[in-house]
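One letter stands for each residue in the lines below.
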Amino acid sequence: MCKSFRSSLIGPTLQWFTNLPNNSISSFAQLTDTFVEQFTSSKKLERLSGDLYRVQQRRSEPLRNYVGRFNREKVTIPFYHQEIAIDAFRNGLLPDGELYKELTKFNCTSMEDALV
């Protein structure tokens with residue numbers, strides 16, 4: 001089974017398999033455990049709505065640029081939550097800006113409301 005496993009590998013995984021020391025793997029279970037341990041960290045993590053809280057408006061950044069960066073980040077999240085997106089957007093604004101002051105007064109229910 002280990003020999004057929006090799007035929008399914010390409011690129012870095014094949015290189016890793018080829019570089020395993022002789023007789024270092026004694027069972028298919030050990031091979032799969034070692035493989036998973038080696039390559040699990042290479043998996044790209046799915047983006048979450050909470051990741052939007054990392055987008056912050058820079059001190060000298062125009063609002064238009066911040067909105068653009070925020071939206072580019074938002075579209076990378078497959079299933080974002082509207083409420084979290086609105087909250088993250090507001091929290092990322094400079095607190096002394098006019099839009100921040102407006103958004104803290106009114107309850108927005110969509111990103112469109114927040115940007116009107």
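Definitions and limits used
- Residues numbered from 1 in each chain as written.
- Predicted model: local features only at pLDDT ≥ 70, side-chain atom pairs only at ≥ 80, totals over all residues.
- Heavy atoms only, no water.
- Helix = DSSP H or I, 4+ residues; strand = E, 2+ residues; numbered from the N terminus.
- Buried < 20%, exposed > 50% of the residue type's maximum accessible area, 1.4 Å probe, protein only.
- Contact = heavy atoms within 4.5 Å.
- Areas by Shrake-Rupley, 256 points an atom, 1.4 Å probe, with all protein chains shown as cover.
- Polar contact = N/O pair within 3.5 Å; in protein donor to acceptor, adjacent residues only side chain to side chain.
- pLDDT = per-residue confidence, 0-100.
- Salt bridge = Lys/Arg side-chain N within 4 Å of Asp/Glu carboxyl O.
- Axes fitted to C-alpha atoms, helices over the stretch in contact; angles between N-to-C directions.
- Left-handed = near helix turned anticlockwise from the far one by under 90°.
- Nonpolar A, V, L, I, M, F, W, Y, C, P; charged D, E, K, R; others polar.
- Expected span 1.5 Å × (residues − 1).
- Arc of directions from axis to C-beta.

**Considerations on the overall build of the protein chain**
Argument step 1. Looking only at helices and strands, one finds seven helices and zero strands in the protein chain.
Argument step 2. Overall, the protein chain shows an N-to-C arrangement of helices and strands of α-α-α-α-α-α-α.
Argument step 3. Principal-axis analysis of the C-alpha atoms places the extent of the protein chain at approximately 70 × 30 × 20 Å.
Argument step 4. Within the protein chain, the fraction of its 116 residues that count as buried is 28%.
Argument step 5. In the protein chain, of all internal contacts separated by at least 6 residues, the share reaching a separation of at least 24 is 49%.
Argument step 6. Summed over all atoms, the accessible surface of the protein chain reaches about 8,500 Å², with 55% contributed by carbon and sulfur.

**Regarding the side chain of Glu61**
Argument step 1. When you line up the elements, Glu61 lands in the loop between helix H3 (28-39) and helix H4 (63-74).
Argument step 2. At a separation of 3.0 Å, a polar atom in the side chain of Glu61 contacts the main-chain amide nitrogen of Arg58.
Argument step 3. The contact partners of Glu61, leaving out residues within four places of it in the chain, are Gln56, Tyr66 and Arg69.

**Some details on the confidence of the model for the protein chain**
As a note on interpretation, predicted positions should not be read in detail where pLDDT is low.
Argument step 1. When pLDDT is averaged along the protein chain, the result is 85, and 94% of the positions lie at 70 or above.
Argument step 2. Predicted confidence in the protein chain is weakest over helix H1 (residues 2-7), with a mean pLDDT of 70, and strongest over H4, with 94.

**Examining the environment of Ser49**
Argument step 1. Summarising the element assignment, Ser49 is placed in the loop between H3 and H4.
Argument step 2. Apart from residues lying up to four places away in sequence, Ser49 is in contact with Ile77, Phe79, Tyr80, His81 and Ile84.
Argument step 3. Looking at Ser49, its side chain comes within polar contact range of the main-chain nitrogen of His81, at 2.7 Å.

**Re the pattern of salt bridges**
Argument step 1. Scanning the entire structure with this criterion turns up nine salt bridges.
Argument step 2. A salt bridge links Lys101 to Glu98; its shortest N-O distance comes to 3.9 Å. On the criterion of helical spacing, the pair formed by Lys101 and Glu98 is a turn pair, its members being three residues apart in helix H6 (residues 98-105).
Argument step 3. The partly exposed category is assigned to Lys101, whose relative accessible area is 37%.

**Some points on the packing of H4 against helix H5 (residues 82-92)**
Argument step 1. Close contact between H4 and H5 brings their axes to 11 Å; oriented N to C, the two are set at 145°. The interaxial crossing formed by H4 with H5 has right-handed handedness. Contacts from Tyr66, Val67, Phe70 and Lys74 of H4 reach H5 at Ala85, Ala88, Phe89 and Gly92.
Argument step 2. Of the residues in the contact of H4 with H5, the class split is six nonpolar, one polar and one charged.

**Some remarks on H4**
Argument step 1. End to end, H4 covers 16 Å across twelve residues, agreeing with the expected 16 Å (1.5 Å per residue, within 8%).
Argument step 2. The set of residues buried in H4 consists of Tyr66, Val67, Arg69, Phe70 and Lys74. Angularly, the buried residues of H4 cover 165° about the axis, an arc narrow enough to put them on a single face. Across from the buried face of H4, at angles greater than 90 degrees, the exposed residues are Arg64 and Arg72.
Argument step 3. Residues of H4 that are buried sit in contact with H5 and helix H7 (111-115).

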